[in-house]
Amino acid sequence: MSAAPPVPRASGVFVWVPLLVVAGALVVMVKRLAEPLTNPDTYFHLRLGEEFLGGWSPWAPGSVTVYATADWAPTQWLSQVLYAVAEDWFGLPGVVWLSGTVVIAFIVTAAVVAQRFGGAVAGALVTALAVFGCLSFLSARPQVASYLLVLLFTASWLRSGRGSRLPWWTVPATWIWAMLHGMWVSGILVGLAAALGLTLDRRGAPAPEGAAPRPALWKVWSVPLLGLAAAGLTVVGPSLYPATSRVGGISQYFAEWRAPEFTSPTTATAALMLALVVLIALRSEGRQSWLWLMMLSLAAAWMLYAHRSVPVAVSMLVPLLAASLGSLTPARPVLSWHTRALVALGVAASAGLACLVPFTSAEQPRHDSPASAAAGRLPAGTGLLTDWGLGGTDMWLFPDLDIVMHGYGDMFTDAELARNSDIVDLMPGWDRDLRELKTTHALIPGETPLAYALVTDHGWQVVAQDPSRRDDESGDGPLTFLVAPDGWLADAAGSRD
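Residues numbered from 1 in each chain as written. Predicted model: local features only at pLDDT ≥ 70, side-chain atom pairs only at ≥ 80, totals over all residues. Heavy atoms only, no water.

1. Quick word on helix α2 (residues 40-54)
Note the cut-off: Secondary structure elements follow DSSP: runs of H or I of four or more residues count as helices, runs of E of two or more count as strands, with numbering from the N terminus. Take the number of residues in a helix, subtract one, and multiply by 1.5 Å to get its expected span. Exposure classes here rest on a 1.4 Å probe applied to the protein chains alone. A residue is buried below 20% of its type maximum, exposed above 50%, and partly exposed in between. The contact rule is simple, with two residues in contact once any of their heavy atoms fall within 4.5 Å. Nitrogen and oxygen atoms within 3.5 Å of one another constitute a polar contact, given that in protein one can donate a hydrogen and the other can accept it, and given that sequence-neighbouring residues count only through two side-chain atoms.
The end-to-end C-alpha distance of α2, which contains 15 residues, comes to 21 Å, matching closely the 21 Å that a straight helix rising 1.5 Å per residue would cover. For α2, a buried count of 11 out of 15 residues is recorded, marking the element as mostly surrounded by other parts of the structure. Taken as a whole, α2 has its buried residues at P40, D41, T42, Y43, F44, H45, L46, R47, L48, G49 and F52. Of the surrounding secondary structure, the elements contacted by the buried residues of α2 are α3 (77-90), α4 (92-118) and α17 (391-397). By the N-cap criterion, in which a side-chain oxygen at the helix start approaches the backbone nitrogen of a residue two or three places on, α2 is capped by N39, the distance to D41 being 2.9 Å. Downstream of α2 by a residue or two, G55 has a phi angle that is positive, lying close to 140 degrees.

In structure tokens:
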């Protein structure tokens, strides 16, 4: 009997260079994360978390403004509570560290998964692509937890296709995920796609002789279906299902839910990863499994669905691309200490971030803004016209004011979202809509069409304006505090512009 061919020994290049690539990605990310919080969405998550800690219940939440009256179900209340607890204990640096550690966990998990599927070199390359592809989305928002879980769900189902056990762990994980972020549905879709692929593979080919017995198909399908049921057993209850489906109805008002643009780095990277998987598959001699095809198809669907779902596609493509690239090189052993080293790099990155954030991330938003300071002196209960994109920060800064609009669309009815859109876009009747809200104060960027129309056409006065564009959050000019003229509300029959 001839001896088995020796397994190539892992040289220093194949051991240390991949670790250096991942370490470099973590260093870049820690530097990027260790900054003051500027994302308005982070602040509305903080505000809602404070409300939940202050008495709101997840099954019957309230509203932060009289201008948002939808009967809504929170899809990420647990993340918001964790953010608020971190801010309560450690201030804004605590929020930066907590959200940054989730980002670090995503990077390390991508590196470990990619290494397991394709080896150290392929794993490092795929990790670098995944980080670059998701870079603009790796921020202080709960969505990063969804990218991490999509990656783990995909890897676990692919391993099941290779003979591993069914990923029953995804059932309780879905229950937790449904409280962390609204993208928990993507994990169910991964499971359903995998179950369909495994079913088709089962019909297409019998189990190899001597192989471990395959699980019954009813067990395969039970995993995602039980996960779907588990999501309805959170404290929010079955109302979580229609809350998740509402995203499609309001996506027209939010840019990140619009169709992706292939000129963006995120979409271009996802397309490159997808193309590499397909090209390598076309060049290979073996037949791809239905499981592989279903996973690839779902990743492609996420890439085409919306700008915000492109990172979901990138997460799914990590094990697929790693396995494809790994098939092009000789098999090399996955060193056990290599995985431990990747985890150690992640722990070190999180510790480094914890050391940095007290000195880099404690700055309050708009701490030196005259316009924001003027708005903060308004009496409690005053209505404040805000910029749609920046309203999340206003929610947190001015908890006693009624903010007209902000980016947490779930809290608004469809009619209220349409009203806000009409005001921003100066649609016919926008001024009457604003009068009906009895709003006489505004805090908006000074170079928007809305600001121009209020000042030039309707006589609103500029009371305070930030002195420079250094801290301009929107790109539409310095933040400006405006007050309506006398008689603004009395002119109820104002012209429809």
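The discussion continues.
2. Quick look at the packing of aromatic side chains
What counts, and what does not: Note on ring pairs: Phe, Tyr and Trp rings are taken, using the six-membered ring of Trp, and paired if centres are within 6.5 Å. Classes follow the plane angle, with under 30 degrees stacked, over 60 edge-to-face and the rest tilted. Both a distance and an angle decide whether a charge sits over a ring: NZ of Lys or CZ of Arg must be within 6 Å of the ring centre and within 35 degrees of the ring normal.
For the coordinates displayed, the defined rule picks out 12 aromatic pairs. Arranged with centres 6.2 Å apart and planes meeting at 70 degrees, the rings of W56 and W72 form a pair that is edge-to-face. With W56 in the loop between α2 and α3 and W72 in the loop between α2 and α3, this pair connects stretches of sequence that are 16 residues apart. In terms of burial, W56 and W72 fall into one category: buried. Ring centres of F153 and W169 lie 5.3 Å apart, and the angle between their planes is 80 degrees; on these two criteria the pair is classed as edge-to-face. Here the residue F153 occupies a position in helix α6 (residues 143-161), and W169 occupies one in the loop between α6 and α7 (170-180), the gap between them amounting to 16 residues. A network of ring pairs unites the aromatic residues F44, F52, W56, W72 and Y408 as a single cluster. Of note, R435 hangs over the ring of W488, and the distance from its end group to the ring centre comes to 3.9 Å.

3. Some details on the side chain of S361
Mapped onto the fold, S361 is located in the loop between α15 (336-360) and α16 (370-376). Within polar-contact distance, the side chain of S361 engages the side chain of T360 at 3.1 Å. Not counting chain neighbours up to four residues away, the residues in contact with S361 comprise L33, A34, E35, P36, L92, P93 and V96.

4. Focus on α15
Between the first and last C-alpha of α15 there are 36 Å, a value that for 25 residues agrees with the 36 Å anticipated at 1.5 Å per step. All of the buried residues in α15 are H338, T339, A341, L342, G346, A349, S350, L353 and V357.

5. Things to note about the sheet that holds strand β4 (residues 461-465)
For clarity, the threshold we go by: Two strands make a pair as long as DSSP finds a minimum of two bridges between them. Geometry is summarised by axes, namely lines fitted to C-alpha atoms with helices restricted to the contacting stretch, and by angles between N-to-C directions that run from 0 to 180 degrees.
Pairing within the open sheet is mixed, and its five strands lie in the order β2-β1-β3-β5-β4. Edge positions in the sheet fall to β2 (402-403) and β4, since each has one partner strand and no second. Bridge count for strand β1 (residues 383-386) against β2 is two bridges, and the pairing is parallel. Each bridged residue has a counterpart across the sheet, and for G383 the counterpart in β2 is D402. Here helix α20 (residues 449-457) sits on the sheet in contact with β1, β3 (441-445), β4 and β5 (479-483), set at roughly 135 degrees to β3.

6. Brief notes about the packing of α6 against helix α14 (residues 310-326)
Applicable threshold: By the definition used in this description, the sense in which the near helix is turned from the far one sets the handedness, with an anticlockwise turn below a right angle giving left-handed and a clockwise turn giving right-handed. Gly is put with the polar residues, along with every residue not named as nonpolar or charged; the nonpolar set is Ala, Val, Leu, Ile, Met, Phe, Trp, Tyr, Cys and Pro, and the charged set is Asp, Glu, Lys and Arg.
Where α6 contacts α14, the axes come no closer than 8 Å and their chain directions differ by 35 degrees. Considering how the two elements wind past one another, α6 and α14 form a crossing that is right-handed. On α14, the residues touching Y147, V150, L151, T154, A155 and L158 of α6 are P311, V312, S315, M316, V318, P319 and L320. A breakdown of the residues in the contact of α6 with α14 according to their chemical character gives 11 nonpolar, two polar and no charged.

7. Section: the packing of helix α12 (residues 265-283) against helix α13 (residues 290-305)
We count it as follows: For classification purposes, angles smaller than 35 degrees are called roughly parallel, those larger than 145 roughly antiparallel, those between 65 and 115 roughly perpendicular, and all remaining angles oblique.
Across the interface, α12 lies against α13 with an axial gap of 10 Å and an inter-helix angle of 155 degrees. Relative to α13, α12 is oriented roughly antiparallel. Crossing of α12 against α13: the hand is left-handed. On α13, the residues touching T267, A270, A271, L274, V277, V278 and A281 of α12 are W292, L296, A300 and M303. A breakdown of the residues in the contact of α12 with α13 according to their chemical character gives 10 nonpolar, one polar and no charged.

8. Examining the pattern of salt bridges
Short version of the rule: Whenever Lys or Arg places a side-chain nitrogen within 4 Å of a carboxyl oxygen from Asp or Glu, that contact is recorded as a salt bridge.
Applying the stated criterion to the full structure yields four salt bridges. The salt bridge partner of D41 is R141, with a shortest N-O separation of 3.2 Å. Placement of D41 in helix α2 and of R141 in the loop between α5 (120-134) and α6 is noted, with a sequence separation of 100 residues between them. Summarising the burial analysis for this pair, D41 and R141 share the class buried. Between R435 and D431 there is a salt bridge, with the nearest N and O atoms lying 3.3 Å from each other. Taken as a pair, R435 and D431 lie in helix α19 (residues 430-436) at a separation of four residues, close to a single helical turn.

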